[in-house]
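Listed below, chain by chain, are the residues.
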Number of protein chains: 2
Amino acid sequence: KNRVLVTGGAGFVGSHLCDYLVARGDHVICLDNFFTGSKDNIAHLLDKENFELIRHDVVEPILLEVDQIYHLACPASPVHYKYNPIKTIKTSFIGTMNMLGLAKRCRARFLISSTSEVYGDPLQHPQTEEYWGNVNPIGERSCYDEGKRAAECLTMDYHREHGQEVRIVRIFNTYGPRMALDDGRVVSNFVSQALKGEPLTLFGDGKQTRSFQYVSDLIEGMVRVMDNDEHIGPFNIGNPGEFTMIELAEMVKKVVNPNAEFMWVENTADDPSRRRPNITKAKTLLGWEPKIPLQEGLLRMVDDFKKRLHIEE
Amino acid sequence: KNRVLVTGGAGFVGSHLCDYLVARGDHVICLDNFFTGSKDNIAHLLDKENFELIRHDVVEPILLEVDQIYHLACPASPVHYKYNPIKTIKTSFIGTMNMLGLAKRCRARFLISSTSEVYGDPLQHPQTEEYWGNVNPIGERSCYDEGKRAAECLTMDYHREHGQEVRIVRIFNTYGPRMALDDGRVVSNFVSQALKGEPLTLFGDGKQTRSFQYVSDLIEGMVRVMDNDEHIGPFNIGNPGEFTMIELAEMVKKVVNPNAEFMWVENTADDPSRRRPNITKAKTLLGWEPKIPLQEGLLRMVDDFKKRLHIEE
Ligand SMILES: NC(=O)c1ccc[n+]([C@@H]2O[C@H](COP(=O)([O-])OP(=O)(O)OC[C@H]3O[C@@H](n4cnc5c(N)ncnc54)[C@H](O)[C@@H]3O)[C@@H](O)[C@H]2O)c1
Ligand SMILES: NC(=O)c1ccc[n+]([C@@H]2O[C@H](COP(=O)([O-])OP(=O)(O)OC[C@H]3O[C@@H](n4cnc5c(N)ncnc54)[C@H](O)[C@@H]3O)[C@@H](O)[C@H]2O)c1
Ligand SMILES: O=c1ccn([C@@H]2O[C@H](COP(=O)(O)OP(=O)(O)O)[C@@H](O)[C@H]2O)c(=O)[nH]1
Ligand SMILES: O=c1ccn([C@@H]2O[C@H](COP(=O)(O)OP(=O)(O)O)[C@@H](O)[C@H]2O)c(=O)[nH]1
Ligand SMILES: O=c1ccn([C@@H]2O[C@H](COP(=O)(O)OP(=O)(O)O)[C@@H](O)[C@H]2O)c(=O)[nH]1
Ligand SMILES: O=c1ccn([C@@H]2O[C@H](COP(=O)(O)OP(=O)(O)O)[C@@H](O)[C@H]2O)c(=O)[nH]1
């Protein structure tokens with residue numbers, strides 16, 4: 001039996017990953033400090049015999065016996081990671097160090113969920129895994145971006161120094177059911193706003209782009225990376241479809257609420273202007289590519305958001 | 001009386017800084033784990049009543065009472081920081097975190113000695129402090145480069161979150177007496193080789209450039225940054241004179257040993273091809289600029305190197 005640790009398992013991505021692993025029969029330990037995660041996300045798993053929950057902060061060491069570690073614990077939305085930047089970068093660096101130490105002791109395979117933010121405000125477009133990035137080392141987003149870069153570096157150093165089995169995925173913007181309602185990310189904001197009949201808040205000129213991946217595609221990709229025996233990565237895992245925020249707003253308007261209006265708001269500092277993954281590496285080496293187009297993915301979020309926002313038909 | 005902590009104080013730069021501060025009457029605590037530093041560098045200070053030595057590793061917390069912290073502890077030459085990359089990045093991140101924690105508790109002013117390596121293999125030339133850099137996050141040099149970037153980020157986050165007094169200097173290649181003989185840096189290599197009558201080892205095509213600053217100029221710059229009450233930095237502290245490694249070799253040949261020969265050796269991975277500081281910021285805001293030209297600086301090293309290499313006239 002495969003004993004799998006999922007740190008950050010009560011979060012948006014982590015809980016979908018736990019679903020997947022529990023369903024295929026792995027023994028899953030979900031570890032979370034519930035900073036941005038929620039019991040609701042995993043409530044339906046609590047009575048499964050192959051699921052276990054630990055309340056723990058990854059900044060503290062912990063002793064467990066496992067075969068695989070998916071290390072996701074880290075606040076991920078700008079609103080959350082800027083709330084306490086010192087804690088964010090400590091979580092990223094020390095949390096990763098502790099989980100690498102645990103992996104080393106158990107001889108477990110370790111996967112870190114890194115991010116497209118390691119490319120910063122990219123000057124290469126689309127971004128390949130070879131691109132070194134364009135990141136402000138001392139700005140407001142740096143606790144997250146530099147934290148993840150340092151965590152990737154540490155991961156590769158454990159691999160090179162100790163021959164440890166590691167995997168790196170660089171996740172591009174992902175959306176789906178269970179996104180925190182208060183996390184300020186663009187998709188959750190727009191869908192909530194549209195459902196509540198509030199205007200969709202477009203930051204800046206709305207011409208910046210992102211590439212949005214539906215969460216089930218991400219989970220499929222992460223598991224492929226973990227379970228392949230050959231390739232370490234880093235692998236870009238994202239959907240190459242690129243949209244401006246205006247286009248996204250139009251799509252949400254079409255899919256969720258045709259009466260939605262737009263509102264223009266000042267943008268935040270160092271906001272990347274373009275972002276789009278080149279996924280040739282994952283496609284070629286792992287045969288992975290995303291399947292759910294944006295319009296369908298948005299539709300799949302609506303029921304979950306309606307329920308959590310207490311909106312009746 | 002100014003109580004000053006110098007971490008890494010038994011190293012090349014740190015020992016010159018201790019000299020300067022002791023001479024001006026500060027009470028200096030030199031903290032070092034002697035990984036790359038040496039007792040010889042500070043032996044002459046041990047009997048001063050305003051100097052104290054502590055053997056300690058900055059990765060562990062420590063309680064001291066001080067007014068200023070110069071945080072230099074970190075292996076600095078590629079040979080040393082690649083020896084144990086995991087330890088290097090732990091030193092950089094956790095060491096800086098501990099010293100920031102100490103500074104916070106004591107309300108001490110904290111200065112971090114960062115590096116031109118945060119610019120990586122720069123695409124902007126010369127480099128201003130605004131440049132975000134071009135750094136490989138997962139290469140062989142990353143433990144140092146990303147460690148320093150994360151340390152700068154943490155420093156700015158302590159400043160923004162706690163209003164702590166911080167200073168950041170980005171040091172460009174520095175040389176002078178007391179450079180470790182075994183540290184593999186280009187100036188110490190060439191001077192030793194020339195003195196021993198061995199060929200000077202030119203890596204790659206020898207056309208890569210660096211800007212070399214004599215250590216007394218650096219110390220003057222660091223103290224200016226620390227003691228000014230207005231400007232946080234980051235400040236580039238370096239000499240804008242730019243030389244290819246071939247030009248440096250020619251200069252060493254001229255100054256140290258006219259019979260010196262050259263030898264071509266394969267270069268290391270990710271070696272930056274050009275590096276030169278734009279020092280307008282330090283010049284304008286602090287009135288600092290370097291004074292010692294390369295030829296004179298090299299001359300000033302010769303006696304110290306001869307003594308340590310046991311070379312007679
Ligand atoms: N969702 C995306 O678009 C996206 C994009 C790039 C990368 N990622 C990465 O994927 C991972 C999961 O992101 P998410 O979108 O699910 O975010 P999330 O905030 O929903 O999940 C993060 C989880 O980690 C937990 N956590 C945070 N700090 C912790 C700590 N110190 N100790 C233990 N648990 C802690 C939180 O409580 C939460 O459950 C993160 O590492 C994130 O950086 C996500
Ligand atoms: N010399 C340069 O050209 C240069 C350039 C850029 C930045 N810097 C920075 O200046 C600082 C000093 O560099 P240097 O050239 O004097 O190098 P050095 O190796 O001579 O000095 C570093 C000192 O730190 C000590 N040290 C290392 N790890 C430690 C730990 N974990 N705990 C306590 N002490 C520890 C070493 O023993 C040594 O005495 C470093 O932070 C370096 O990154 C130097
Ligand atoms: O089962 C373990 C093994 C290690 N660690 C932590 O992981 C970190 C890195 O461990 P490693 O053995 O790599 O480094 P070391 O302890 O030698 O510094 C340390 O802080 C440990 O406390 C952990 O939390 N659980
Ligand atoms: O209500 C919102 C929230 C975000 N954004 C923009 O949407 C993009 C994606 O932001 P998000 O916080 O979702 O993710 P990230 O910046 O981490 O990619 C950014 O350009 C934001 O400026 C927006 O226009 N309206
Ligand atoms: O005098 C001190 C105060 C703090 N620290 C260390 O500095 C780090 C950061 O301290 P801070 O108070 O900022 O953070 P916290 O302890 O709240 O995590 C901690 O690991 C402390 O152990 C230290 O070494 N000496
Ligand atoms: O014996 C040597 C040592 C280094 N270098 C080159 O000199 C430059 C400076 O190297 P160093 O290690 O002194 O400093 P850093 O790379 O950190 O600037 C690099 O391009 C090296 O490839 C060289 O040509 N011969």
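The rules behind these values
Throughout this document, residue positions are counted from 1 along each chain, in the order its sequence is written. Note on labels: chains are lettered from A, ligands numbered from 1, in written order. Predicted model: local features are reported for residues with pLDDT of at least 70 only, side-chain atom pairs are reported and counted for 80 or more only, and whole-chain, interface and lining totals are derived from all residues. With hydrogens and water set aside, each side-chain value is computed from the structure's full complement of heavy atoms. The least-squares superposition of copies is restricted to C-alpha atoms, and to residues with a pLDDT of at least 70 in both copies. Only heavy atoms enter the contact rule, under which two residues are in contact if any of them lie within 4.5 Å. Geometry of aromatic contacts follows a simple scheme: Phe, Tyr and Trp rings, the Trp one being its six-membered ring, pair when their centres are within 6.5 Å, and the pair is stacked under 30 degrees between planes, edge-to-face over 60, tilted otherwise. Only DSSP runs of H or I covering at least 4 residues are called helices, and only runs of E covering at least 2 are called strands; the numbering of each starts at the N terminus. Note on exposure labels: buried denotes an accessible area under 20% of the residue type's maximum, exposed denotes more than 50%, and partly exposed covers the range between, all computed with a 1.4 Å probe on protein chains only. Counting as a charge over the ring demands two things of the Lys NZ or Arg CZ atom: a distance within 6 Å of the ring centre and an angle within 35 degrees of the ring normal. Consider each residue's heavy atoms; a residue with any of them within 4 Å of a molecule or strand counts as near. The definition of a polar contact used here is a pair of N or O atoms within 3.5 Å, where within protein one atom must be able to donate a hydrogen and the other to accept one, and adjacent residues in sequence count solely through side-chain atom pairs. All accessible areas in this document rest on Shrake-Rupley with a 1.4 Å probe, and a residue is counted as covered only by the protein chains that are shown. Expected span of a helix, by definition, is 1.5 Å for each gap between consecutive residues, and there is one gap fewer than residues. Buried area, as used here, totals the accessible surface that two parts lose on assembly, with accessibility defined by a 1.4 Å probe and the loss added over both. Here, a salt bridge means any side-chain nitrogen of Lys or Arg that lies within 4 Å of a carboxyl oxygen of Asp or Glu. Throughout, the ten residues Ala, Val, Leu, Ile, Met, Phe, Trp, Tyr, Cys and Pro are labelled nonpolar, Asp, Glu, Lys and Arg are labelled charged, and all others, Gly among them, are labelled polar. Strands qualify as paired when DSSP identifies two bridges or more between them. For helices, the axis comes from a line fit to the C-alpha atoms of the stretch in contact; other axes are also lines fit to C-alpha atoms, and the angle between any two N-to-C directions lies between 0 and 180 degrees. Throughout, a crossing is termed right-handed when the near helix is turned clockwise from the far one, and left-handed when it is turned anticlockwise from it by less than a right angle.

Colleague: Could you give me a rundown of the relation of the copies chain A and chain B, with the residues and numbers involved?
Modeller: Expressed as a screw transformation, the operator carrying chain A onto chain B has a rotation angle of 180° and an axial translation of 0.0 Å, and the superposed copies differ by an RMSD of 0.0 Å. Here the symmetry operator amounts to a two-fold rotation axis. A high fraction, 100%, of the interface residues of chain A reappear at the interface in chain B, so the copies pair face to face through one surface.

Colleague: Which residues make up the packing of aromatic side chains, and what values do they have?
Modeller: Going through the model one piece at a time under the given rule, you end up with eleven aromatic pairs over all chains. With 6.1 Å between their ring centres and 40° between their planes, Tyr119(A) and Phe172(A) make a pair best called tilted. A residue pair is termed long-range when its members are at least 10 positions apart, and Tyr119(A) in the loop between strand S5 (109–115) and helix H4 (142–162) and Phe172(A) in the loop between strand S6 (166–171) and strand S7 (174–175) qualify at 53 residues. The pair formed by Tyr119(A) and Phe172(A) is uniform in burial state, with each residue classed as buried. Members of the aromatic cluster, joined through ring pairs, are Tyr119(A), Tyr131(A) and Phe172(A). Looking at Lys253(B), its charged tip hangs above the ring of Phe262(B), at a distance of 5.7 Å from the centre.

Colleague: If you had to explain the site of ligand 4 to someone new, which residues and values would you point to?
Modeller: All names here are of chain A. Looking at ligand 4, there are 18 residues lining it, with Val186, Asn189, Thr201, Arg210 and Asp271 nearest. Here an oxygen atom of ligand 4 sits 2.7 Å away from a polar atom, N or O, in the side chain of asparagine 189. Taking arginine 275, its side chain carries an N or O atom lying 2.9 Å from an oxygen atom of ligand 4. Isolated, ligand 4 exposes 520 Å² of accessible area, and the fraction of that covered by the protein chains is 95%.

Colleague: For helix H9 (residues 294–308) of chain A, give the residues involved together with the corresponding values.
Modeller: Residues and elements named next belong to chain A. Its 15 residues place the ends of H9 21 Å apart at the C-alpha level, agreeing with the 21 Å of an ideal helix rising 1.5 Å per residue. Within H9, burial applies to Leu294, Gly297, Leu298, Met301, Val302, Asp304, Phe305 and Lys306. Where H9 is buried, its residues contact S7, helix H5 (186–196), strand S10 (213–214), strand S12 (242–244) and helix H7 (245–255). Directly beyond the C-terminal end of H9, a positive phi value near 55° is found at histidine 310.

Colleague: Before we move on, can you summarise the interface of chain A and chain B with the specific residues and values?
Modeller: Taken together, the contact pairs 35 residues of chain A with 35 residues of chain B. Area buried by chain A at its contact with chain B is led by Ile86(A), Trp132(A) and Ile138(A), which between them contribute 24% of it. Across the contact surface, chain A and chain B share two salt bridges. We note a salt bridge from Glu146(A) to Arg149(B), for which the minimum N-O separation is 2.7 Å. Our enumeration of links across chain A and chain B arrives at ten residue pairs in polar contact (both at pLDDT 80 or more). Only helix H3 (85–106) and H4 of chain A provide two or more residues apiece to the side of chain A that touches chain B. Of the residues forming the side of chain A that touches chain B, the biggest block, 14 residues, is contributed by H4(A). Along the lines of polarity and charge, the residues of the side of chain A that touches chain B split into 17 nonpolar, seven polar and eleven charged.

Colleague: Quick rundown of the sheet that holds strand S5 (residues 109–115) of chain B? Include the residues and the values.
Modeller: Residue and element names in this part refer to chain B. Reading across from one edge, S3-S2-S1-S4-S5-S6-S11 is the order of the seven strands in this open sheet, with parallel pairing throughout. Edge strands, defined here as strands with exactly one partner in the open sheet, are strand S3 (51–55) and strand S11 (235–237). Strand-to-strand twist of the sheet, defined as the mean angle between neighbouring strand axes without regard to direction, takes the value 20°. The pairing of strand S1 (residues 3–7) with strand S2 (residues 27–32) spans five bridges and is classified as parallel. Looking at S2, one finds that threonine 7 is bridged to leucine 31. The strands touched by helix H3 (residues 85–106) are S1, strand S4 (68–71), S5 and strand S6 (166–171); relative to S4, the strand with the most contacts, the crossing angle is about 175°.

Colleague: Account for the packing of helix H1 (residues 12–23) of chain A against helix H6 (residues 215–227) of chain A, naming residues and giving values.
Modeller: All names here are of chain A. Contact geometry for H1 and H6: axes closest at 10 Å, N-to-C directions at 65°. The two elements H1 and H6 cross, and the hand of that crossing is right-handed. On H6, the residues touching Phe12, Val13, His16, Leu17, Tyr20 and Leu21 of H1 are Val215, Leu218, Ile219, Glu220, Met222 and Val223.

Colleague: Explain the pairing of strand S4 (residues 68–71) of chain A to me, using residue names and the numbers behind them.
Modeller: Residues and elements named next belong to chain A. Alternating positions in S4 separate into two faces, Gln68 and Tyr70 on one and Ile69 and His71 on the other, with burial throughout. Across four bridges, strand S1 (residues 3–7) lies against S4 in parallel orientation. Bridging from a neighbouring strand, threonine 7 pairs with histidine 71 of S4.

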